[in-house]
Each structure stands twice: as structure tokens, then as C-alpha cells.
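Per-entry structural report
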Amino acid sequence: MTKNEWRRDGIPGSPSNIRRRWKKRMALGLAGGLLSVTLAGCGSGSSSGEVGNETVMQEETQAELAGVEAVEGLTGSDTTEKKTGDSVTKDAVGVTYHDLGMTAELSEGGSKTVEYTQEDLTADWDERAATVIVLSDAESSVSGANAKVSGSTVEIQDGGTFVVSGSLSDGQIRITASKDETVHLILNGVEISNCTTSAIYAEKKCKVILTLADGTTNTVSDGTAYVFETEGEDEPDSPIFVKGDLTINGAGSLIVQGNYQSGIRSKGNLLIVSGTIAVDCQDDGIKGKDSLVILGGTLTIRSVKDGLKSNNDESDEVGYIWIDGGEITIAAQDDGIQAESALIVSGGSITITESDEALAGKTVDILGGAIEAVASDDGINSAATVETEWEKMSDQEGVYTRIAGGEIWLDARADGIDSNGDLYIEGGTLYLSGPTGSDNGILDYNGSATLTGGTLFAAGSAGMMQTFGSDSTQNYLVVYYDETQAGGTEIMLMDADGTELGSFAPAKDYQAVIISVPGLVTGETYCVTTGESTVELEVNATETTSGNPVGGFGGGMGFGGGGMGFGGRGDRGGDMGEAPGFEAGEMPEAPGLNDGEMPDFGDGEMPEGAEFGRRGGMGGGRDFGNDGNSALQGSE
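Now for a look at the structure at hand. Model, not experiment: these values are computed from the prediction. (Residues numbered from 1 in each chain as written. Predicted model: local features only at pLDDT ≥ 70, side-chain atom pairs only at ≥ 80, totals over all residues. Heavy atoms only, no water.)

The next thing to look at is the pattern of salt bridges. Taken as a whole and assessed by the stated rule, the structure comprises 18 salt bridges. Notably, a salt bridge pairs aspartate 306 with lysine 309, separated by 3.4 Å at the nearest N-O pair. Lysine 309 matches aspartate 306 in its accessibility class, with the two residues each being buried. Measuring nitrogen to oxygen at the nearest pair gives 3.3 Å for the salt bridge that ties aspartate 316 to lysine 362. (Salt bridge = Lys/Arg side-chain N within 4 Å of Asp/Glu carboxyl O. Buried < 20%, exposed > 50% of the residue type's maximum accessible area, 1.4 Å probe, protein only.)

Right, here's the structure in full:
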């Protein structure tokens, strides 16, 4: 049985992949049990809005987490060796793996390098040299140096290794080590909550390496209201809060219940190497201000705001997220993954079951890995932070979405992919179930779009249709349907010999589909079967079209700009034309348009200059024959 035969219902992959997703969804349901977790002495473990209503108890959650297979090569007393390009073949495009780091070649001449240290990867410790801390409501104890007990607080005063076990119903591990120190904190079976502030709090910019000891389950939570030491403060705001860099490794489990705001926060760089981590919170799930890098682990996140986030906006060198491994499951009421600057996915498995926008960043590079995402807004959104609506509708410099590798399944209620700059599809496999409403598009970009490789099946409404520009080098097909096709109706591409080249069953109703696979040969004939209907298309240009878009002037808004500005939606290829000179928010005067009337075009001819420089304008989504790049054919 072929892989495509397992895609008849729009769900990707082989039976093993389906089982993997089932396990991840089960893990998400088990994480819902955290909603009912309330450690003694603190307020109710409040529900994360409408994310879910699971009632699984804490014991079941812990049992499931403890049973998850540990990350290969990492146990409670072993040293992890980073999988490098020398030892493991990865399918990420343009990524070079070093002994202690990796470099990705990004689009538009950019690159990103991440480096870490051996201690970030080390989950072992020397019991004889470590300070041993046993937590207890009666009285915690410390055996070793650089830590002391003060009531319900254990203070770690300097760098070193600290092995912690036991429980506190209303207490804190407070780290006061200085900026240049490293605190290696081993959670060796810990249950700790604080009713009025963070349970684990590093108040200075020291580095914290949090190791989850093999075979242990560790639970950290907070209360619903914080009491701050100084008036006007708003931090800390999460059960685990580190002002410096934070690394999480180990083969154990960590359950974090953020009843106040976020779950896990670092105001520096946050690196996740391994571990089984479940976070349920009222704000952002896991947040590294300067960066968030995930090399491995099993992460289950339920958040009222963003699932994964990095938000430093000082420069493009910070505020990035890089996912290179792990199994990640997210249910978020805001964005699933949100990076202020670059979002890079080069490996791992990401399932986003609920989100506003699934993947978001100023730039988005997907180089490898597997992504399955559901979004109530855009599936992928790349945009710069701007202040005005006019800027949002403009072609934003340095903004792009690029797909060069991996396998991606998107189910988006609004735009499937929305780039306020450029769009590049260079490789990988993309299956997109896009919008059903005419006010959104399968693809939406403000700059230019090129298709040079990969497999693409993208379906949705035809009302705001954009395809690709004349710089594209891989042929593609566009099929418009006379009648809306029901969600679940399979689309199959076959060559003239009847060999299947790919198939997809969109999750929602659709009026159009864009199809491209490597090897579509100019001059050859291909068949697209949709349900019981088949059309034949002879490829005689980069874009070959069957049928006509439903409604309006070619199904576009006409004035483009990623919304309503000149130069966005409605583009059928080519670069951004110059916008006419008028003030933001004003529409230019045009003959016959000022009183709501359309101009007389005579025998169907367009007036001179109506395309506004080949872009948007009255041409909508279909300026047929643009640069010789489109061939229109009738449907059968």
C-alpha cells in the first residue's frame, strides 16, 4: 500500500505515523489532567479557558509521563552526545551540524548559528560533590555547600550542583547566584508549589541547567495571584522563572501548572535538550526571551496565549525559535509558535491541534521535520511588527516564508500561508486545506512568490486567489471548480499512463486547488481526478489552468496589497508594482468608480493602465498570459 493511500481522509502518513499522532493526542489529553492539579495550600488549579475539559487525574498523567520512552542516549547519569551530521543523517535542507552547535542557511542570504556547551548536554552528576536538598513542609534540609534553608524557602547562593527531592506545598527554591555562575539543578522527584510567586526562581542572570533525573516525575505549580516584593513589579510570573539562560535536559518528566500566567520562562536563552515536559498555563507556555531552541524531548503544551514564544525585539539576532528535534504537541488559544524574528524548523515532529495562527515569525524557514497544524486564522504567517494598517498591507522588507524541506499539513480557516513579504517554495511536501470564505486566500503574499521545487497540494476558496510569479521554475497546475467540492473529496494527480503522482483529501470545502510535483513536463498531459470528475491538462507553461475562478474579476479583490493595498492579493506573478502616489488610507480617483459605478469597458477590454504595473488592479488573480507564464484551459 502506498503512502498516498493512507491520505484519503486528509491525514498524512503511514500507519506508524497515524499511531504516533494518536499517542501525541493522548498525551495532550493526559496533560489536560493538570487542570485538576492543586497542591495543598494554593488556589484552584484554574482551567485554561476553553482549551479542553479533560478530567484525567494527576496520578494517571504521571503514570503516562513516566512510561514515555526516554530520549536515546540520555539517562539520569549519562552524558548526552549531540547527534551531529557525522553520526546521524538528517533530512534538513541547508543545516550543518557541529559538535556543539548547528548552522542553517536561510533565505535571502541569511544564516543562523546556535552554539551550546557540553554542560548543556550533560545530565549526569557526582553525588559526592553535589549539595543534597530534601524539601519538606516540616523543615527542608541541606547537606553540602552554597545553599541554606529559611522557613519554606531554600536559597541557592552560588554555582554548583544541587540534587533536590521531596515536596513543598507552599515554598520556593530561590537562586541568587551571580551572573557568571552556573547552577546545575537536578530535580530528583520533586513536588513543589508556591501560592503567591514562582516555585523555582532565579532572580539574577546566572545560568540554570535543569536536569530531570531518570525515572522521576517532577511537578511544579503556582497560585492564581502573585504578591510582589516591590510595588509596580510584574515579574516573576510563572512557576519556573529564570532571569538568565535556562537549559532543560534529562530523561525524567516535568509537569508545570501555571495558574497565574506563563509556564516556563527564561529572560535569556532557553534550550531544551530532552525530557518529557507537560505545561498547562494561563499565558505563554514556554518562553525564551532572547531565543528558544529545542533539540529533543517530548513536549505537551496547553496555553491560553502562545504555546512556544521568543519575543526580544531589539534586533534580528535575538527573538528567534529553532526547532531541530523532539515531539511537540500544542493546543494554544493564541499562536501555536510565535517568534519575534526568525522561526526555523529543521527537524522534530510538531502537532498543533488548536491555535489562532499556527506558525508565526518575521521570517519562517521550514527546512525539515514534520508539521501538522490546525489554525483558526492563518496557517503560517510571516510579518514584521508595524504600527499602521497601511504598513501591514505593504511589501515588508526582510519578511518571508520559505519551505525547503520537511512534510507539512496545514488546516487554516483564514489564509493558508500569509507572508507580508515574499513566499518561496523550494522543496519539501506541503498539503494545505485553506479557507472556505472568499475574503481569504490559499496563498497570500505582499511581495513576490516563486515555486522552484517540492510537492504541493493546496486547496481552498478562489475569491482571493494568488499563485506564483514568472521566476518560478517548476510547473504547476491550477484547477477551478464550477461547484464547491465537499471537504474530504479526494484530489488525485495522474500522468498519461494512469500512474498516480500524488493525492490529497482537503479537510474542508474547496473551490480551487494548486498542484505541483517534481517532474511535471512541458508538453505532457496529466489528469486531475476530483471525486468522480476528471480533467485533462496539457502542460504548456509554468502555470496551466483549468476552469475559471468563481465571481468578480478573476476572483481577486483587485487592489491587492496583502489585503486592500496595491501590490498584494490578486497578483498573478511578477514583482511588486509601484503604488500610485496618494496618502495612506485614501483611494485614488478613477473614472466611473467614484459613484459606485464600473467603467464601460466596451467589448470586455480592460482600460489602459488598469493593471497598475501588472499587479492587483482590475486583473484580480488572473492577468492571463502574464509574461507567457499562464495557460488557460477549459475543464471537462
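After that view, the rundown keeps rolling.
Moving on, we come to the sheet that holds strand S45 (residues 525–530). Strands pair in a sheet through their backbones, by hydrogen bonds, and they do so in one of two ways: parallel or antiparallel. Here 4 strands make up an open sheet; going across it, the order is S43-S42-S45-S46 and the pairing antiparallel. Every other strand in the sheet has two partners, leaving strand S43 (500–504) and strand S46 (533–538) as the edge strands with one partner each. Strand-to-strand twist in this sheet, taken as the mean axis angle between neighbours without regard to direction, amounts to 15°. Judged from the 5 bridges that link them, strand S42 (residues 491–495) and S45 form a sheet pairing that is antiparallel. In the sheet register, isoleucine 491 faces S45, and the bridge partner there is threonine 530. (Pairing = 2+ DSSP bridges. Helix = DSSP H or I, 4+ residues; strand = E, 2+ residues; numbered from the N terminus. Axes fitted to C-alpha atoms, helices over the stretch in contact; angles between N-to-C directions.)

Okay, the sheet that holds strand S1 (residues 95–98) next. Read across the open sheet, the 3 strands follow the order S1-S2-S3; overall the sheet is antiparallel. Looking at which strands have only one partner, the edges of the open sheet turn out to be S1 and strand S3 (111–115). Each strand axis lies, on average, 10° off the axis of its neighbour in the sheet, ignoring direction. Taken together, the 4 bridges between S1 and strand S2 (residues 101–105) define a ladder with antiparallel strand orientation. Paired with threonine 96 across the two strands is threonine 103, which belongs to S2.

Among the structural elements, serine 141 can be located in strand S5 (residues 141–143). For serine 141, a relative accessible area of 37% translates into the label partly exposed. C-alpha of serine 141 to C-alpha of valine 154: the two residues are 13 residues apart in sequence and 8.6 Å apart in space. Filtering out sequence-adjacent residues up to four positions away, serine 141 remains in contact with Val132, Ile133, Val134 and Val149. (Contact = heavy atoms within 4.5 Å.)

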